[in-house]
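Here is what each chain is made of, one letter per residue.
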Amino acid sequence: MTTSRLGDYLQARRAQVAPPDVGLPEDGRRRVPGLRREEVAMLARISVDYYLRLEQGRERRPSPQVLDALSDALLLDDDGRLHLYRIGGVIPPPRRQGSIEQAAPQLLALAELWDRTPALLLGRAYDVLAANTLGRAVFDHLQPGTNLLLAIFLDPSVRSFYIDWEKAAANVVAGFRFLEGAWPHDPRIQEVLRTAMENSREFADLWRRRDARGKSDAAKVLLHPDVGELTLQLQAFDVRSAPGQQLIVYHAQEGTRTANALRLLGSLTVTRSGDRDDMRGRTS
């Protein structure tokens, strides 16, 4: 039984590395998938006993050199390596945890200038703190006050919105794991985690994989009820003035069907807003 976050992560990651991936023969006699403990120890050039103590939680403070070697042995990418450093105690957690998150007015004013670019501001627990006008129009299910992770797993309408829901779900869980590693004692992160674990078996299965990676540039294919299929490129920016917050910006290549659809959606949004204002004027 593993008894530490570090041990759990090491065990989960070695289970996902096939022997041929690291130049070892596949002997066909393995009772469990992935690498054996002694193989990880050999690849990292540490003793089997020391590696066993890491997995079992009896050793919780490995040196940066050991973590480097384990990162290479387990083929971790940059985000996986950073996550390993965090849970291995090399990078201390932030001092401020649990503070109420707010969206900076200057950031919102900037995002509103992007009339052809949807943008969302996410908090460190994936709460949607704000969105520009086009962002609210594209992501109708992610209005400010909604939690991205809980919406993906607990809102049935979201499954048809994402063309590849399974990929979107796996990515949001990996991103949430990455944030949880950076903010391990944040009460809002723990609250969202408990809610998802208690209400979604699919989330629980993905969480046990212990994938950890931040949001990066990637294509998202969405099915919008008003303008049809949208292929958007995602870019994520850390908000330096508010650690843990991320500004997520989506854009479409000029001249594509998606770019034209975003213009149409922007026009529809302006028209509907005007109609609502007229209605309020007539009833006041």
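Just so it is clear, the model here is predicted, and its values are computed rather than measured.

Student: Requested: an account of the environment of Arg194, with residues and values cited.
Tutor: Within the fold, Arg194 resides in helix 11 (residues 187-199). Residue Arg194 is classed as partly exposed on the basis of its relative accessible area, which comes to 47%. Spatially, the C-alpha atoms of Arg194 and Ser47 are 37 Å apart, while their sequence positions differ by 147 residues.

Student: With reference to specific residues and values, describe the packing of helix 10 (residues 165-182) against helix 11.
Tutor: It is the contact of helix 10 with helix 11, at a shortest axis distance of 10 Å, that shows an interaxial angle of 145°. Our pair here, helix 10 against helix 11, has a crossing hand that is left-handed. Between helix 10, through Phe176, Leu179 and Glu180, and helix 11, the contact on the second element is made entirely by Ile189, Gln190, Val192 and Leu193. Classifying every residue of the contact of helix 10 with helix 11 by side-chain character gives 5 nonpolar, 1 polar and 1 charged.

Student: Please provide a residue-by-residue account of a nonpolar patch on the surface, values included.
Tutor: A cluster of nonpolar side chains, namely Ile163, Val221 and Leu223, defines an oily patch on the protein surface of about 230 Å² accessible area. In this fold, Val221 is placed in strand 3 (residues 218-224).

Student: Hey, could you go over the nonpolar core for me, with residue numbers and the actual values?
Tutor: Nonpolar side chains in soluble globular proteins tend to be buried together. Val138, Phe139, Leu149, Ile152, Phe153, Tyr162 and Phe176 are the most contacted members of the largest nonpolar core, which totals 47 residues. Once you skip the residues sitting within four places of it in the chain, Ile152 turns out to touch Val158, Tyr162, Trp165, Ala168, Ala169 and Val172. Counting residues in each nonpolar core, the second largest holds 26 residues, with Val17, Ile46, Leu74 and Tyr85 among its members.

Student: Go over the pattern of salt bridges with me, naming the residues and quoting the values.
Tutor: Under the defined criterion, the tally for this structure stands at 19 salt bridges. Salt-bridge contacts for Asp49 lead to Arg53; the nearest nitrogen and oxygen are separated by 3.2 Å. Of this pair, Asp49 and Arg53 both sit in helix 3 (residues 48-56), 4 residues apart, which is roughly one turn of that helix. Arg81 serves as the salt-bridge partner of Asp68, at 3.4 Å between the closest nitrogen and oxygen. With Asp68 in helix 4 (residues 64-73) and Arg81 in helix 5 (residues 78-87), the pair connects residues that are 13 residues apart, well separated along the chain. Bridged by salt links that share partners, the residues Arg13, Arg209 and Asp211 form one connected network.

Student: Break down the packing of aromatic side chains for me, citing the residues and quoting the values.
Tutor: One pass over the full model with this rule turns up 8 aromatic pairs. Look at Tyr126 and Phe176: their rings are 6.1 Å apart centre to centre, the planes differ by 55°, and that puts the pair in the tilted class. Of this pair, Tyr126 sits in the loop between strand 1 (119-122) and strand 2 (128-131) while Phe176 sits in helix 10; the two residues are 50 residues apart in sequence, bridging distant segments of the chain. Residue Phe176 is classed as buried on the basis of its relative accessible area of 0%. Centre to centre, the rings of Phe139 and Phe161 are 5.9 Å apart; their planes meet at 65°, and the pair counts as edge-to-face. Placement of Phe139 in the loop between helix 7 (133-138) and helix 8 (148-154) and of Phe161 in helix 9 (residues 158-161) is noted, with a sequence separation of 22 residues between them. Through a chain of ring-to-ring contacts, three or more aromatic side chains come together here, namely Tyr126, Phe153, Trp165, Phe176, Phe203 and Trp207. Over the aromatic face of Trp183 sits the side chain of Arg124, whose NZ or CZ is 4.7 Å from the ring centroid.

Rules of the game
- Residues numbered from 1 in each chain as written.
- Predicted model: local features only at pLDDT ≥ 70, side-chain atom pairs only at ≥ 80, totals over all residues.
- Heavy atoms only, no water.
- Helix = DSSP H or I, 4+ residues; strand = E, 2+ residues; numbered from the N terminus.
- Buried < 20%, exposed > 50% of the residue type's maximum accessible area, 1.4 Å probe, protein only.
- Axes fitted to C-alpha atoms, helices over the stretch in contact; angles between N-to-C directions.
- Left-handed = near helix turned anticlockwise from the far one by under 90°.
- Contact = heavy atoms within 4.5 Å.
- Nonpolar A, V, L, I, M, F, W, Y, C, P; charged D, E, K, R; others polar.
- Patch = residues over 30% accessible without salt bridge, like charges linked within 9 Å, V, L, I, M, F, W, Y side chains within 5 Å.
- Areas by Shrake-Rupley, 256 points an atom, 1.4 Å probe, with all protein chains shown as cover.
- Salt bridge = Lys/Arg side-chain N within 4 Å of Asp/Glu carboxyl O.
- Core = buried A, V, L, I, M, F, W, Y, C linked by side-chain atoms within 4.5 Å.
- Phe/Tyr/Trp six-rings, centres within 6.5 Å; stacked < 30°, edge-to-face > 60°.
- Lys NZ or Arg CZ within 6 Å of the ring centre and 35° of its normal.

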